[in-house]
Structure formats: structure tokens, C-alpha cells
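Commentary on secondary and tertiary structure
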Amino acid sequence: MITDREFIRIVNYVKYHYGIDLSQKRTLVAGRLENYLVRNGYSGYDEYMGKVESCPEGKEAKNLINVLTTNHTYFMRESIHFDYMKKVVLPQLKVKEAGEKDLRIWSAASSTGEEPYTLAMLLMDYFGIEHGAWDTKVLATDVSTKVLEHATRGVYLKEQIEPLPDKWKQRYFRSMGGDEYKVKDELKSEVIFRQFNLMNPFPFRRRFHVVFLRNVMIYFEDETKYQLIEKIYNHMEPGGYLFIGTTESLDRSKTKFQYVEPSIYRKQVM
């Protein structure tokens, strides 16, 4: 049984290092960590957190966030965003960036890879035979190394890829026998996976045209959330689009982003 003191120690550590508020997630924290501690021979939460705190960049600190973060996603999740990309955003960007032919798109909470792979397929499908002349690689980041390993491996069950259009399934996936399908190299090469903590300073040299930040801010307190939104705004091209989860919203008095429609925002065009 986790004590109040042990729980608060874990909550404070995760909030300080990752911006994630677990103060109302006691059952989740205890349920996930108890099994982990037993499997790895720890005498209790204090011994484990001592190891974590002594080396914030070490293996156990990474395992802590891997164990505690929930990563539920699927192909074509919240498909209205991909429809809007195809009908509105990509036609605008194709004209705007016709000179450089360089689109910078960031999947900022990429989890097990379904979102960035869907974006990459959408881009390849939209540009068609012109795709080779464009740089449309998708940057995909997540704080969890565990989900990034899954994404990089690119193996999904038949039922997981079922929502995709048949032509995408045939072109971008190959059967591994049984119910497993693997992302083909043609698609895998279009996504760059990196471990990244959204609380850290942004290292990006160039600004993004599109950022997907979906279903991650629910873990952040308001102050942390709007600090992150401001950082993203400052790292976006004028006229760039921000997509958040369909159950999420931004207080327009607290952000410079302009509201477009539910869960879609845009940086002002200069």
C-alpha cells in the first residue's frame, strides 16, 4: 500500500521533471508501480525513488515515465483532423511553400506511432508523383522510450490498421504472417522518431508549419499547459496550424493562437 508521503514524492517528481499532474491519479500510480517494484526486486517506493532521483537521466527515471504514462492511440484517430489537413492545410501549404518545397510537421506526443505514420501516408498520398520533390518528413516525439521503440519497430495487428484506406494498407504495410503487419521502409523513412520531454527547451532550428499536440495536455495544469502552448506558438511559421485533441480546448484569452474550429487553431498570418 502506497503511503501519502510516498505518493506525494512521486507526484512532485513527475510534475517537476515532466509537467504531468498525477495528483488525482493515486490508483493508477499505485497499480502500475507496485507491480514494477515487485518484478524488479525493490523493497518499496522509497528505495525506488531514491534510485530515480539520484540519476534523473538514468534507466530507472526513464522506466518511471514509461510505466506511468498512458498511451492510447490508433490509426485515423479523430479523423476530422486528417480530413482538414487534406482539404485545407495542405493546399495552402503547397502554394505557400512552392519555392522551398519544405514542410515541417511535428507530432509532439506520437505514442506508438499511429499518428505520425498516418500523417506521413496522408502527405505521400496528397503529393503523389510530386512527393519526391518535397521534404515532408514528419518529426515524431514522445517522452516515453518504450512507446518510441514500438513505433520504430512499426509492427501492428490487423485490427489496428483496419481503419486505414485499403490502398494505404496495401501500399505501406506488409504481412508478417498471422495477424501482424509491418510498416514498409518507404513509409518508415518518412518519419523521424525522437525521445523528447515537452518541458525542456525546444532545440528546433526552424519553425513548424503544423503541430499535432493531441490528448496530452489533459495531464498538465493550466500554467504548464499555456507555457507549452506559448513555446509552440513561438516555434511555428506564421499561418501555421495547431491541432489538439477533440475533447481539449484553449482559453482564447490565454493564447495568441486564433481559433479556427473546435480543436484547430492557427498562428496569425503576418
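Conventions used here
- Residues numbered from 1 in each chain as written.
- Predicted model: local features only at pLDDT ≥ 70, side-chain atom pairs only at ≥ 80, totals over all residues.
- Heavy atoms only, no water.
- Helix = DSSP H or I, 4+ residues; strand = E, 2+ residues; numbered from the N terminus.
- Rg over C-alpha atoms; globule rule 2.2 N^0.38 Å.
- Buried < 20%, exposed > 50% of the residue type's maximum accessible area, 1.4 Å probe, protein only.
- Contact = heavy atoms within 4.5 Å.
- Areas by Shrake-Rupley, 256 points an atom, 1.4 Å probe, with all protein chains shown as cover.
- Lys, Arg positive; Asp, Glu negative; His and termini not counted.
- Charge placed at Lys NZ, Arg CZ, Asp CG, Glu CD.
- Core = buried A, V, L, I, M, F, W, Y, C linked by side-chain atoms within 4.5 Å.
- Salt bridge = Lys/Arg side-chain N within 4 Å of Asp/Glu carboxyl O.

**So, the overall build of the chain**
The secondary structure content of the chain amounts to 11 helices and 10 strands. Relative to its length of 270 residues, the chain is compact, with a C-alpha radius of gyration of 20 Å against a globular reference of 18 Å. Considered along the principal axes of its C-alpha atoms, the chain spans approximately 60 × 50 × 30 Å. Taking all 270 residues of the chain together, the buried fraction comes to 52%. Here the contacts in the chain between residues at least 6 apart in sequence split such that 73% fall between residues at least 24 apart. Put simply, the chain shows about 13500 Å² of open surface, and 49% of that area lies on carbon and sulfur atoms. The average position of the 40 basic charges and that of the 37 acidic charges among the side chains of the chain differ by 3 Å.

**Re the nonpolar core**
One finds Val14, Trp106, Leu213, Ile232 and Leu242 to be the most contacted residues of the largest nonpolar core, which totals 51 residues. The biggest single contributor to this core is helix α1 (residues 4–18), with 6 residues. Not counting residues within four places of it along the chain, the set of residues in contact with Leu242 comprises Val211, Leu213, Ile229, Ile232, Met236, Leu250, Phe257, Ser263, Ile264 and Tyr265. In this structure, Phe82, Leu93, Phe127 and Phe243 belong to the second largest nonpolar core, which totals 38 residues.

**Things to note about the pattern of salt bridges**
A side chain of one charge can pair with a side chain of the opposite charge when the charged atoms of the two come close. Counted according to the given criterion, the structure contains 18 salt bridges. Salt-bridge contacts for Asp46 lead to Arg5; the nearest nitrogen and oxygen are separated by 2.6 Å. One end of the pair, Asp46, is in helix α3 (residues 45–54); the other, Arg5, is in helix α1, with 41 residues separating them in the sequence. Owing to a relative accessible area of 29%, Asp46 belongs among the partly exposed residues under this scheme. Exposure remark for Arg5: the relative accessible area of 51% places this residue in the exposed category. Where Arg9 meets Glu53, a salt bridge forms, and the shortest distance between an N and an O atom there is 2.7 Å. Taken together, the residues span a long stretch of sequence, with Arg9 in helix α1 and Glu53 in helix α3 at a distance of 44 residues. Looking at Arg9, the relative accessible area reads 24%, which means it is partly exposed.

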